[in-house]
Amino acid sequence: MAAAALPLVCGFPPGAAFAYRDQRAIPIEDFLRDAAQLADRLPARRHILNLCTDRYRFAVGFAAALLRGQISLLPPNETPDALARLASQYPDVYCLHDLAAAPGCLPAMPFPDRLAPDSGAPRVPEIPAAQVAAIVFTSGSTGQPVPHRKTWGSLVGVALAEIEILQLRTRPGMALIGTVPPQHVFGLEATVLMVMQGGFALHAGRPFYPADIRSGLAALPRPRGLVIAPAHLRVLLSEPEPLPAADFLLCATSPLSRELAAQAEARFGSHLHEIYGCTESGGIASRRTVATREWRAMAGVTLRTDDAGTWVKGGHVEIEVQLADLIELRGGGQFLLHGRTADLVNIAGKRTSLAHLNYHLNSIEGVRDGVFVVPEERGEAVTRLTAYVVAPGVSRETLMAALRQRIDSAFLPRPLHFVDRLPRNDAGKLPRQALAEFEAELARKTG
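Going along each chain's sequence as written, the residues are numbered from 1 onward. pLDDT decides what is reported in this predicted model: residues at 70 or higher carry local features, side-chain atom pairs at 80 or more are listed and counted, and totals for whole chains, interfaces and linings draw on all residues regardless. As a rule here, side-chain values come from all non-hydrogen atoms in the structure, and water together with hydrogens is ignored.

Enquirer: It is not clear to me how the environment of Ala17 should be interpreted in this structure. Could you clarify?
Expert: Tracing the backbone through its elements, the reader meets Ala17 in strand β2 (residues 17-21). With 116 residues separating them in the primary sequence, Ala17 and Ala133 have C-alpha atoms 24 Å apart. In what follows, residue pairs with any heavy atoms lying within 4.5 Å of each other are defined as contacts. Discounting residues that sit within four places of it in the chain, Ala17 has contacts with Phe12, Ala25, Ile26, Pro27, Phe200 and Ala201. Helix numbering and strand numbering both begin at the N terminus, where a helix is a DSSP run of H or I of at least 4 residues and a strand a DSSP run of E of at least 2.

If you want it as structure tokens, here you go:
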């Protein structure tokens, strides 16, 4: 029988660290006090947009909203257009932030500089499992974001399922530093919810540059782990500086090559695991990339296929979800990914996926980032592909020769553009709109 209520935090002995900021431990008792006090100060509204960049403040705000019965909105980005859309769809939404200036289109509450000290022993509150805790958004077929509700029970469920499949019960008190923002579903699950439900500790910062990642990780006590997107990992490993030892590495948001995973394991001295899932379902499977191509579903999660595609349900996935990937079921909860259904490309009767092409492009030595793109003007038949690559010091001839060894000549990029960067968002993804704007700007500069 499902629990009617679930604890806000679990697995913390008295005095255990909940977070680290400026090399100082913040005990679990302070987190519970801060969340309770902030909850009393929140305005009487139904929806909250938590834009705190400090991960500890985000966690306090998220917990305070739960205590007040408020729903956290997690849009795909924080562009003015996206925020204006939220303000229109959720008239009672307000913004909790620690920014220099709040977004102008929403009522705003700055995160308090100081919450009143309290020496009393805090209690661990319980939240109704059926309470809607968050609304996440996916891109709809019309381009309008589609909302998906997440109950507290489903969020606790995905955190516990990830802790179990990653075997993290053997690392009590582990400190986790993440490059992915907590406003992203993977960042929320891996750097906030797993901490709250596993008795771990979060790093309050959100390092982006390699030097900040190295110094932030080195400052944490062991055991310590790094939660990172493939794009961030690729840049980090491109630099020759020594990396601090890590006891755990976790990656998600886009496919990771086996070569990059092996390089990460060798340099950090730890196994690297990937999480697979989508915004609607959350994480549903994991694998150790260098050991196997197969993914293993989390506890209670089942997949099935029909003429429409592959569907996932069970465990923490409360409503059956259709996945956007081509999946080959292998039995026993194991499966293979063959790219996104929307990424299939057919040229001269030959078929492949953009994920397959991107995998091989990013596996080439010297490539820091790269992506294949189907030209917008292709009509009914694709005759050529375009690729953008960040590869300082690599010649066009070398890169094309390496691609010829890896992919069919029909899919070689024509043209191939060398660029300084790709317009990835904070989670390391390449949104379609950002990529289209990037292509248009490049065309104007070179046209």
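Enquirer: Can you help me understand the pattern of salt bridges in this one?
Expert: Side-chain pairing between opposite charges can occur once the charged atoms of the two side chains come close. Between Lys or Arg on one side and Asp or Glu on the other, a salt bridge is scored when a side-chain nitrogen of the former is within 4 Å of a carboxyl oxygen of the latter. Taken as a whole and assessed by the stated rule, the structure comprises 14 salt bridges. Across the pair Asp30 and Arg33 runs a salt bridge whose closest N-O atoms are separated by 2.9 Å. Within this pair, Asp30 and its partner Arg33 are both found in helix α1 (residues 28-41), separated by three residues, close to a single helical turn. The class of Asp30 is partly exposed, set by a relative accessible area of 28%. Taking relative accessible area as the criterion, Arg33 reaches 15% and is therefore assigned buried. Arg57 serves as the salt-bridge partner of Asp98, at 3.7 Å between the closest nitrogen and oxygen. A residue pair is termed long-range when its members are at least 10 positions apart, and Asp98 in the loop between β6 (94-97) and β7 (108-110) and Arg57 in helix α2 (residues 55-68) qualify at 41 residues. The structure contains a network of salt bridges with shared partners spanning Arg234, Asp369 and Arg424. The rule is simple: take the accessible area with a 1.4 Å probe, protein chains only, and divide by the maximum for that residue type; under 20% is buried, over 50% is exposed, in between is partly exposed.

Enquirer: Whenever I open this one, the pairing of strand β19 (residues 309-314) confuses me. Can you help?
Expert: Both faces of the sheet carry side chains from a regular strand, because those side chains alternate between them. Note on pairing: two strands pair once DSSP finds at least 2 bridges between them. The sheet contact formed by strand β18 (residues 302-306) and β19 spans five bridges and is antiparallel. By the bridge assignment, Asp306 is partnered in β19 with Gly309. Joining the antiparallel neighbours β18 and β19 is a turn of two residues.

Enquirer: Is there a simple way to explain the sheet that holds strand β20 (residues 317-322) in this structure?
Expert: Think of a sheet as strands paired side by side through backbone hydrogen bonds, with each pair either parallel or antiparallel. A sheet is described by the order of its strands in space; here three strands give the open sequence β18-β19-β20, paired in antiparallel fashion. Since the sheet does not close on itself, it has two edges, and those belong to β18 and β20, each with one partner. Each strand of the sheet is rotated relative to its neighbour by a mean of 15°, with strand direction disregarded. Both β19 and β20 contribute to a ladder of three bridges, which runs antiparallel. Its bridge partner lying in β20, Gly314 is registered against Val317. The convention used is that axes are lines fitted to C-alpha atoms, helices contributing only their stretch in contact, and that angles between N-to-C directions extend from 0 to 180 degrees.

The values are spatial; any link to function lies outside them.
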